[in-house]
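Observations on the model geometry
If you want the building blocks of each chain, they are given just below.
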Amino acid sequence: MNALVLHGHFYQPPRENPWTGRIDREESAHPFSDWNERIHHECYAANARVRLDDRVVNNYRRMSFDFGPTLLEWVERFHPRTYRSILEADRDSVRENGGHGNAMAHAYIHAILPLCNKRDRKTLIRWGLQDFEKRFERKSESFWLPETACDEATLEDLIDESLRYVVLSPQQAGRFRAFGEEQWSEGDIDPTRPYRFFHRDGSGRFMDLFFYDGALAHSIAFGGGLTSSRSFLEGREGFVHLATDGETYGHHFPRGEGFLSEVLYREAERCGFEVTNYGAYVEKNPPSHEIELVPGGSSWSCAHGLGRWREHCGCHAGGPDGWTQEWRAPLRKSLDFLRDRAAQFFEEAVGDNAWEIRDRYIAGGAKEERIQALLEMQKQSLAMYTSCGWFFSELSGLESLLVMKRAARLLDDLHSLGADSPRKEFLEILAEAK
């Protein structure tokens, strides 16, 4: 039987003003008040209720998907009908796929996990898992890595949390070999099979990796692949799977949600494909090969590994010819400085078990008022690293300002909690970002 998995990664940065908790008006999103509202209308709500022939279908019921926790919190607050449709779709998918749900967990903040220190990376993973379990009322088998950014240490942190599989870009695959063979192979991997990554500690612990069909995903996201749902699967066979931004379906491409519903609810059956999800597929089709990642860290959106989020690597979006992104390095350096000063104050204020208390925060909150304030300060520290702050061309762009506002709020929190303010030193470092 041929099998089809289409994954959508749904994410927006936390747009709320960190002092008011409300999203300020974003004129570029006209006629909507802000980009969350516009994209909800064009994509998130649209995919929950799609008219197909003489019925209305829910795309989330048939697609693999993840939602950034801060985005899903916003959807729950302002669009409860869409929120309920997403949760109900996952519950239906669990019943229809042998106990394996379509939804997968996501890092609590869309940070580039390999560029986080180990302590912050573990917190973002654990908060993401706790948020997922609270919302979907089940444990996640998988974890979406922001920008699919990954290295071996990140995979090992996921193995430590008992996660079963992740989805990566084919450009992130290193050498591989069949089980039992000594000789490694290099070159293009086969996207029609899962691979197994073993923890480097020799324990035999592992997780499975899916490398999506890069050419097919590129055609959907950038190459006009949404023009014909009828021809999408014709001539294909075996295991077909891809991952793209979920916003592709309706926001980036108007009526993209209609294409998706036609493929998932009509064309797949016509072409002899079973629509499934990654958890159900790997249970029936376990890996026969082990694999290593390309060294140094990698992602799906930077040809230079992780350069897009720390240096002028050449990757950018928009901007006049001749602009550079030399500002990326000092922006990250300034935030790292502020993060470390806030971490030192937090540890001294809370005590020996400060980081265990932080790791449990999303699951249980805090009862004591000062501890609550200290933990909210740490949430600002983590939110500074949302990846889109480095993604685009210009330091003064909307997304870069969002991360700098989080830094400004963190400075205010440190001052109000009685810490010596590092504002002067922070601004001296940030001043190098031009």
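Preceding block: the structure.
In this text the structure is predicted, and so the values were computed from the model without any measurement.

Some details on the overall build of the protein chain
For the protein chain, the count of helices and strands is 15 helices and 13 strands. Computed over its C-alpha atoms, the radius of gyration of the protein chain comes to 22 Å, within 12% of the 22 Å expected for a compact globule of 434 residues. Projected onto the principal axes, the alpha-carbon positions of the protein chain cover approximately 65 × 60 × 50 Å. When burial is assessed residue by residue, the protein chain has 57% of its 434 residues classed as buried.

A short note on the pairing of strand E13 (residues 289-293)
Counting buried residues along E13, four of its five residues qualify, which places the element largely inside the surrounding structure. As defined by bridge partners, strand E8 (residues 173-178) adjoins E13 across four bridges and the pair is classed as antiparallel. By the bridge assignment, alanine 178 is partnered in E13 with histidine 289.

Describing the nonpolar core
Across soluble globular proteins, you tend to see nonpolar side chains buried next to one another. Grouped together as the largest cluster of nonpolar side chains are 131 residues, with contacts concentrated most on Tyr60, Phe143 and Leu209. Residue contributions to this core peak at eight residues, all from helix H10 (residues 328-350). In this view, tyrosine 60 contacts Phe10, Cys43, Tyr44, Asn47, Ala48, Phe65, Phe67, Ile86, Ala89 and Asn102; residues no more than four positions away in its chain are not counted.

With respect to the environment of histidine 40
Here histidine 40 is to be found in helix H1 (residues 35-48). Measuring from C-alpha to C-alpha, the distance between histidine 40 and glutamate 247 comes to 9.3 Å, with 207 residues separating the pair along the chain. Those residues in contact with histidine 40 that lie beyond four places of it in its chain are Ala45, Ala46, Trp74, His79 and Thr82.

Quick notes on the packing of aromatic side chains
According to the stated counting rule, one finds 26 aromatic pairs in the structure shown. Considering the side-chain rings of tyrosine 60 and phenylalanine 65, the 5.4 Å spacing of their centres and the 70° angle between planes classify their relative orientation as edge-to-face. Residue class for tyrosine 60 comes out buried when judged on its relative accessible area of 0%. On the numbers, 6.1 Å between centres and 80° between planes, the contact of phenylalanine 65 with phenylalanine 67 is edge-to-face. For the residue pair phenylalanine 65 and phenylalanine 67, the accessibility class agrees, reading buried in each case. Connected via pairs of aromatic rings, a cluster forms that spans Phe10, Tyr44, Tyr60, Phe65 and Phe67.

Examining helix H3 (residues 80-96)
Compared with an ideal rise of 1.5 Å per residue, which puts 17 residues at 24 Å, H3 spans 24 Å between its outermost C-alpha atoms and is within 8% of the ideal. Along H3, the residues classified as buried are Thr82, Tyr83, Ser85, Ile86, Leu87, Ala89, Asp90, Asp92 and Ser93. As for H3, its buried residues are in contact with H1, strand E4 (64-67), helix H2 (69-78) and helix H4 (118-136). Glycine 98 sits one or two residues past H3 and shows a positive phi near 60°.

A short note on a negative patch on the surface
Residues Glu347, Glu348, Asp352 and Glu356 make up a contiguous surface patch of negative charge. On the secondary structure map, aspartate 352 appears in the loop between H10 and helix H11 (354-359).

Focus on the pattern of salt bridges
Taken as a whole, this structure holds 37 salt bridges when the rule is applied. Note that glutamate 267 and arginine 270 form a salt bridge whose closest N and O atoms lie 2.6 Å from each other. Residue glutamate 267 and its partner arginine 270 are located together in helix H8 (residues 256-270), separated by three residues, close to a single helical turn. Look at arginine 270 and you get partly exposed, because its relative accessible area is 37%. Each of Asp53, Glu234, Arg266, Glu267 and Arg270 takes part in a single network of salt bridges with overlapping partners.

Notes on H4
With 19 residues, H4 extends 27 Å from end C-alpha to end C-alpha; this agrees with the ideal 27 Å at 1.5 Å per step. Within the sequence span of H4, burial applies to Asp120, Arg121, Thr123, Leu124, Ile125, Trp127, Gly128, Leu129, Asp131, Phe132, Arg135 and Phe136. Taken from the residues just after H4, glutamate 137 is the one with a positive phi, measuring 55°.

Quick notes on unusual backbone geometry
Each neighbour pair has its own omega, and for histidine 30 with proline 31 the value is 10°, a cis peptide bond. Following the sequence through the fold, proline 31 ends up in the loop between strand E1 (2-10) and H1. If you check the backbone angles, arginine 255 has positive phi at about 70° while not being a glycine. Positionally, arginine 255 belongs in the loop between strand E11 (239-245) and H8.

Some words on a nonpolar patch on the surface
Nonpolar side chains collect at one region of the surface, where Phe179, Phe198 and Phe206 lie side by side and expose about 240 Å² of accessible area between them. Inspection of the secondary structure assignment puts phenylalanine 179 in the loop between E8 and strand E9 (195-198).

Examining the environment of arginine 51
If you trace the backbone, arginine 51 turns up in strand E2 (residues 50-52). With a relative accessible area of 58%, arginine 51 lands in the exposed category. Sequence-wise, arginine 51 and leucine 382 are 331 residues apart; in three dimensions their C-alpha atoms are separated by 40 Å.

Thresholds applied
Residues numbered from 1 in each chain as written. Predicted model: local features only at pLDDT ≥ 70, side-chain atom pairs only at ≥ 80, totals over all residues. Heavy atoms only, no water. Helix = DSSP H or I, 4+ residues; strand = E, 2+ residues; numbered from the N terminus. Rg over C-alpha atoms; globule rule 2.2 N^0.38 Å. Buried < 20%, exposed > 50% of the residue type's maximum accessible area, 1.4 Å probe, protein only. Pairing = 2+ DSSP bridges. Core = buried A, V, L, I, M, F, W, Y, C linked by side-chain atoms within 4.5 Å. Contact = heavy atoms within 4.5 Å. Phe/Tyr/Trp six-rings, centres within 6.5 Å; stacked < 30°, edge-to-face > 60°. Expected span 1.5 Å × (residues − 1). Patch = residues over 30% accessible without salt bridge, like charges linked within 9 Å, V, L, I, M, F, W, Y side chains within 5 Å. Areas by Shrake-Rupley, 256 points an atom, 1.4 Å probe, with all protein chains shown as cover. Salt bridge = Lys/Arg side-chain N within 4 Å of Asp/Glu carboxyl O. Lys, Arg positive; Asp, Glu negative; His and termini not counted. Charge placed at Lys NZ, Arg CZ, Asp CG, Glu CD.

Function cannot be inferred from these measures alone, as they are strictly geometric.
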